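Residue-level structural notes
Here is what each chain is made of, one letter per residue.
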Amino acid sequence: MASAQSGTLYRGREGMWSWVAHRISGMLIFLFLLVHVLDTALVRVSPEAYNEVIGHYKTIVFGLGEVGLVGAILFHALNGLRIILVDFWSQGTARQRGLFWGVVVLWVVLMLGFVPRHLMHMFGA
């Protein structure tokens, strides 16, 4: 008798999680860009309101949000390259699990290079 997962490719595996994370990171980047366009446009409407909004960006909460933004952009870019390889490389489908873990490892290494430097900048060290 076939299992409940027969006939599916990604159910609960790396491919499914990379698909979900790619969509989430893409939406987060889109939301950031939307807010960025709106707050930048605010300078034309009210420079005082613009300065107040920009002042909020210097807080710890927004500084940590920048870490999340860089993480989302970096993952989205690396996973996008993985998707290109899966789609256009003859062995991409067979090696998609390894490619996913390569994206994760490279993402962690690059974030380990970024986060300490960003936190030092945030806290003035």
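Rules of the game
Residues numbered from 1 in each chain as written. Predicted model: local features only at pLDDT ≥ 70, side-chain atom pairs only at ≥ 80, totals over all residues. Heavy atoms only, no water. UniProt positions renumbered as here; feature names shortened; annotations may be inferred. Phe/Tyr/Trp six-rings, centres within 6.5 Å; stacked < 30°, edge-to-face > 60°. Helix = DSSP H or I, 4+ residues; strand = E, 2+ residues; numbered from the N terminus. Buried < 20%, exposed > 50% of the residue type's maximum accessible area, 1.4 Å probe, protein only. Axes fitted to C-alpha atoms, helices over the stretch in contact; angles between N-to-C directions. Parallel < 35°, antiparallel > 145°, perpendicular 65-115°, else oblique. Left-handed = near helix turned anticlockwise from the far one by under 90°.

Within an unreviewed UniProt entry, the label attached to the chain reads Succinate dehydrogenase / fumarate reductase cytochrome b subunit, and the organism entered is Brachybacterium sacelli. Entered under Subcellular location (unreviewed entry) in the UniProt record, the comment concerning the chain runs "Membrane". Taken verbatim from the UniProt record of the chain, the Cofactor (unreviewed entry) comment is "heme".

Focus on the packing of aromatic side chains
Taken as a whole, this structure holds two aromatic pairs when the rule is applied. On the numbers, 5.0 Å between centres and 75° between planes, the contact of Phe100 with Trp101 is edge-to-face.

Digging into the environment of Ile54
Along the chain, the position of Ile54 falls in helix H2 (residues 47-56). For Ile54, a relative accessible area of 24% corresponds to the partly exposed category. Between the C-alpha atoms of Ile54 and Asp39, which are 15 residues apart in sequence, the distance is 8.2 Å.

Section: the packing of helix H3 (residues 60-88) against helix H4 (residues 96-122)
Angle between the axes and distance between the axes are the two parameters that describe a pair of packed helices. Orientation of H3 relative to H4, taken along the N-to-C sense of each, is 155°, at an axis distance of 9 Å. By the angle between their axes, H3 is roughly antiparallel relative to H4. Two packed elements cross with a definite hand, and for H3 against H4 that hand is right-handed.

Here we look at the UniProt feature "transmembrane region" (unreviewed entry) in the chain
Mapped onto this numbering, the UniProt entry gives "transmembrane region" (unreviewed entry) at residues 20-38, 59-78 and 98-115. Within the segment residues 20-38, helix and strand shares are 100% and 0% respectively, and the terminal C-alpha atoms sit 27 Å apart. Measuring from the first to the last C-alpha atom of residues 59-78 gives 29 Å, for a span that is 95% helix and 0% strand.

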